Amino acid sequence: MPPIPMANDMTNFPPERLLDLRDLAVTFATAEGPVRAVQGVSYHVNRGEVLGVVGESGSGKSVTVRAIMRLLARNATDTGTIRFAPDGEPLTLSGQPRDSKLMRSLRGNRIGMIFQEPMTALSPVHSIGTQIARTVLLHRGGSKSAARDRAAELLARVQLPNPGEMLDRYPHQLSGGMRQRAMIALALACDPALLIADEPTTALDVTTEAQILDLLRGLQKDLGMAIVFITHNFGVVADIADRVAVMYLGQVVETGSVDDIFYAPGHPYTKALLGSIPRLGAAKRHRLQTIQGMVPDPYHIPKGCPFHTRCDHVRPGLCDVTAPPVFSPRPGQEVRCHLTGGAA
Amino acid sequence: MLRIILTRCLWAIPTLIVVSFISFVIIQLPPGDYVTAYVAELRRGGEYLTDTQVELMRQDFGLRDPILWQYARWITKILLHGDFGQSFHYNAPVSSLIWDRLGLTLLLSTISLVFTWGIAIPIGVYSATRQYSVVDYVVTIFGFVGKGIPEFLLALILMWVGFSWLNMDVGGLMSPEFDTAPWSIAKALNVLEHVWIPIVVLATSGAAGLIRVMRANMLDELGKPYVETAYAQGFSERQVVWNYPVRVALNPFISTVGWALPALFSGDVITAVVLNLPTTGPLLLQALKMQDMYLAGGFILILSTFTVVGTLLSDILLAWSDPRVRLG
């Protein structure tokens, strides 16, 4: 892949920045050959900011955050730079092994993570209180009863009823929404600077989803933490994010503020995604727009722009040959497309 | 929790009554009785009994009474006096016959059980966390071979190796000259020299099967999201593996741990016969062959009681360890 001009150079790390990814690539070795799940992803998150990461299944959004957590599967290799500055000086996370001391001191402490499946993401044989208290004890030490008090405080914070009683409940006794609240309490156990939320509301019904989003928004405001919010749902992004990164086949095709993405999308993929959202009150005889074709399989990623096989505006000889450069239509918005860049 | 224990205990009572009756009926089922076997044996020795004598003997032993009456007599004696009746063949009380051999049996089975679990669980866990590594393949091969070789064959091979290569006196639990000698260091060493074969035999097949089960259980659990959550809390690999998936993967074991209880009592019959061990297993076999009904009945009753009690223990342990069982 030819070098891609960057908006930020490698050493630039402004003080307001919390997390910075440069050219992250992740490859999985499988029996059928290498799978390049993430290829050259760069994005950043500022302190106290919510970044929404949107993309279809297989776009590499979950793999990217697992690379940040250094919790990739054992058959994965990754390159690129990941820097994280929870307290002052940035720490380089890329290259850290899975079981490294640095990562273990950050996980659950400065980086909290919540997962998609509240049904199975909590240990079935430990009470909610025990699970939270263990994390508190691991990173903060202190007495067991203090850790238990902290757990009760967290459960109250995520608005579970009767937090004192909830401590001794087991996951199977709670509903999906309650489990996700408990999961959030667990992720917040040590006041993280960054919360990674990997499709936290996908498995929930719409009403519960709205409540959990409300809760996350409130907590974000109160605690001042940054959130990387992964979802495939643009509606959710509009609800919670300050900035958005749109991913397709292991690349970030567009980043920008929520308003820019929704009102002035630059990339044909972003436009197509926004066009395929059903809207109440839209003209009745209009069929819902779709994106032609299917996501190509990860063993055969198209040359040039990965989206050219499905793009309505494809320029043969350009889009299917060279990878598009990054173009910035306005400050803070970056689009990776030949057409937006005015190459045509 | 208390309610679970109480209901399970109450259920055990009718189960035991039914089990004791069925075991009594079963030992009566084969055609003939102890007298038939006894007469046949005498005849082989050249002695003859008249039909009247045979009939008198049957009445003497109470074999002509209705079966319910025999059962009632048998069970009341056991319950009220701990008297399991008289063995016809050995002409000695059943309880003392069993008691004589029980100590050694329990010792042998307990040691091999501890070995089995102590080896199988760590190896199974390791094998699962390093799936498809060299160690995993070696363990897998050991598992299949260990499970595939019949125990008696392994016992024979080990005896042959011990006898012709290591010049050891094999078979039994000690050399004959120590049989009646009081306990001394020499005797203890001699027992150790003998006891390794049965322990290796029993632990090998047990561990081989258990490793496979533990590995499979662990592989199921390791892929579950709660394991990733535990990693995301900052725990080290060892803390995660032993505190989370192992806890869940052990539950199927806990639910079968009770079956170890009757196995401890009877030992492994075939291995014991091959190795000429003075444990309870060969005694049970002998009792069944001779239709020595009170001895066999006593055995089966104790075995079944252990099974019921073992299952009860398993249930309680499982409820204690798994909140999904306890709190339903």
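Please read these numbers as outputs of a predicted model, since none were measured by experiment.

## Structural notes on the packing of aromatic side chains
And then number 1: Within the structure shown, the criterion is met by 12 aromatic pairs over all chains.
And then number 2: Seen in terms of ring centroids, A:Phe234 and A:Phe262 are 5.5 Å apart; in terms of plane orientation they differ by 80°. Their pairing is edge-to-face. Of this pair, A:Phe234 sits in helix H8 (residues 234–240) while A:Phe262 sits in helix H9 (residues 258–263), and the two are 28 residues apart along the sequence.
And then number 3: Relative accessible area serves as the criterion here: at 25%, A:Phe262 is assigned to the partly exposed category.
And then number 4: When the ring of B:Tyr71 is compared with that of B:Trp74, the centres are 6.3 Å apart and the planes differ by 50°; the resulting orientation is tilted. Within this pair, B:Tyr71 and its partner B:Trp74 are both found in helix H4 (residues 67–81), separated by 3 residues, close to a single helical turn. Like B:Trp74, B:Tyr71 is buried.
And then number 5: In this structure, A:Arg98 is placed above the aromatic ring of B:Tyr231, and the distance from its NZ or CZ to the ring centre is 4.6 Å.

## Brief notes about the sheet that holds strand E3 (residues 50–55) of chain A
Residue and element names in this part refer to chain A.
And then number 1: Overall, mixed pairing links the 8 strands, which are arranged E6-E7-E8-E3-E9-E10-E12-E11 in an open sheet. Looking at which strands have only one partner, the edges of the open sheet turn out to be strand E6 (111–114) and strand E11 (326–330). Direction aside, the axes of adjacent strands within the sheet are offset by 20° on average.
And then number 2: Sheet contacts for helix H7 (residues 206–223): E3, E6, strand E7 (194–198) and strand E8 (226–231); angle to E8, the most-contacted strand, approximately 160°.

## Here's the deal with a nonpolar patch on the surface
And then number 1: Together, B:Leu107, B:Ile111, B:Phe115, B:Ile119 and B:Ile123 line one region of the surface with nonpolar side chains, adding up to about 390 Å² of accessible area.
And then number 2: On the secondary structure map, B:Ile111 appears in helix H5 (residues 94–129).

## Quick word on the packing of helix H3 (residues 128–140) of chain A against helix H6 (residues 176–187) of chain A
Residue and element names in this part refer to chain A.
And then number 1: Interhelical geometry of H3 versus H6 gives an angle of 20° and a closest axis separation of 9 Å. Accordingly, the angle class assigned to the pair H3 and H6 is roughly parallel. Read as a crossing pair, H3 and H6 show a hand that is right-handed. Contacts from Ile128, Gln131, Ile132 and Thr135 of H3 reach H6 at Ala182, Ala185 and Leu186.
And then number 2: Its residues placed into classes, the contact of H3 with H6 shows 5 nonpolar, 2 polar and no charged.

## Some thoughts on the UniProt feature "transmembrane region" (unreviewed entry) in chain B
And then number 1: The UniProt feature table records "transmembrane region" (unreviewed entry) at residues 9–29, 102–125, 137–163, 195–214, 253–275 and 295–320 of chain B.
And then number 2: For residues 295–320 of chain B, helix accounts for 100% and strand for 0%, while the C-alpha atoms at its two ends are 37 Å apart.

## Some remarks on the pairing of E7(A)
Residue and element names in this part refer to chain A.
And then number 1: Judged by how many residues are buried, E7 sits mostly within the fold: 5 of 5 residues are covered.
And then number 2: Side chains Leu194, Ile196 and Asp198 project from E7 onto one buried face, and the interleaved Leu195 and Ala197 project onto a second face that is buried too.
And then number 3: One ladder, built from 5 bridges, connects E7 with E8; its direction is parallel. Directly across from leucine 195, in E8, lies its bridge partner isoleucine 227.
And then number 4: Note that the unit made of E7, H7 and E8 has a crossover that is right-handed.

Rules used in this analysis
- Residues numbered from 1 in each chain as written.
- Chains lettered and ligands numbered in written order.
- Predicted model: local features only at pLDDT ≥ 70, side-chain atom pairs only at ≥ 80, totals over all residues.
- Heavy atoms only, no water.
- Phe/Tyr/Trp six-rings, centres within 6.5 Å; stacked < 30°, edge-to-face > 60°.
- Helix = DSSP H or I, 4+ residues; strand = E, 2+ residues; numbered from the N terminus.
- Buried < 20%, exposed > 50% of the residue type's maximum accessible area, 1.4 Å probe, protein only.
- Lys NZ or Arg CZ within 6 Å of the ring centre and 35° of its normal.
- Pairing = 2+ DSSP bridges.
- Axes fitted to C-alpha atoms, helices over the stretch in contact; angles between N-to-C directions.
- Contact = heavy atoms within 4.5 Å.
- Patch = residues over 30% accessible without salt bridge, like charges linked within 9 Å, V, L, I, M, F, W, Y side chains within 5 Å.
- Areas by Shrake-Rupley, 256 points an atom, 1.4 Å probe, with all protein chains shown as cover.
- Salt bridge = Lys/Arg side-chain N within 4 Å of Asp/Glu carboxyl O.
- Parallel < 35°, antiparallel > 145°, perpendicular 65-115°, else oblique.
- Left-handed = near helix turned anticlockwise from the far one by under 90°.
- Nonpolar A, V, L, I, M, F, W, Y, C, P; charged D, E, K, R; others polar.
- UniProt positions renumbered as here; feature names shortened; annotations may be inferred.
- Right-handed = clockwise from strand over helix to strand, strands pointing away.

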